[in-house]
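# Commentary on secondary and tertiary structure
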Amino acid sequence: MVTVEQVRQVALSLPRAYEVLVRDRVKFRVGRIVFAAFSADETELGFGYPKEARDALVAAEPDKFFLPRASDLRYHWVQARMAALDSDEMRELIIDAWRMCVPKRVAAEHLRVLGSS
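The residue count restarts for each chain, going from 1 along the sequence in the order it is written. Selection of residues for local features in this predicted model requires a pLDDT of at least 70, selection of side-chain atom pairs for listing and counting requires 80 or more, and totals for whole chains, interfaces and linings are taken over all residues. The side-chain numbers reported here are obtained from all heavy atoms of the structure, hydrogens and water having been left aside.

### A word on the pairing of strand β4 (residues 44-48)
Summary of the burial criterion: residues with accessible area below 20% of their type's maximum are buried, those above 50% are exposed, and those between are partly exposed, where the area comes from a 1.4 Å probe applied to protein chains only. Helical segments are the DSSP runs of H or I of at least four residues, strand segments are the runs of E of at least two, and each set is numbered from the N terminus. With 4 of 5 residues buried, β4 lies mostly within the body of the structure. Here 3 bridges tie strand β3 (residues 33-38) to β4, and the two strands are oriented antiparallel to one another. Looking at the pairing, A36 lines up with F47 of β4. The turn joining β3 and β4, which pair antiparallel and follow one another in sequence, is formed by 5 residues; a positive phi near 60 degrees is taken by E42. A pair of strands is considered paired only if DSSP assigns at least 2 bridges between the two.

Following this line, the structure appears as structure tokens:
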């Protein structure tokens, strides 16, 4: 199980990422694009994910992942139950969601720096 604080640490370590509070919900953005957000009760984590791959993700682990509400299906987005995530998986999901929002060169530089540490 991961905590809100663990997600926050990963998200805010990424270049250009910042935290906002919208209608009592914590969200992480790059510019105006949200790449991760918590449910109001902080038991669920939504994150950017390619539309073409999300059905397979949900089908593979339906106890962990689920689709967003119908009105949000137009977005590149999927939801996860916080209690079902482990820290390594969360880190990978958050970084991948962030990579969808930043220029390729920013992501490549950040990942290069991570690889050399």
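### Focus on the nonpolar core
The nonpolar core is taken to be a set of buried Ala, Val, Leu, Ile, Met, Phe, Trp, Tyr and Cys residues, with the residues joined through side-chain atoms within 4.5 Å. If you look at the biggest cluster of nonpolar residues, it comprises 33 residues, and the most contacted ones within it are V7, F35, L45, F47, I94 and W98. Looking at this core, the elements with two or more residues in it are α1 (4-12), β2 (25-30), β3, β4, α2 (51-60), β6 (77-81), α3 (87-99) and α4 (104-116). With 6 residues, α3 is the single largest residue contributor to this core. Contacts: residue pairs with any heavy atoms within 4.5 Å of one another. Setting aside residues no more than four positions away along its own chain, I94 makes contact with V7, V10, A11, L14, F35, A36 and L45.

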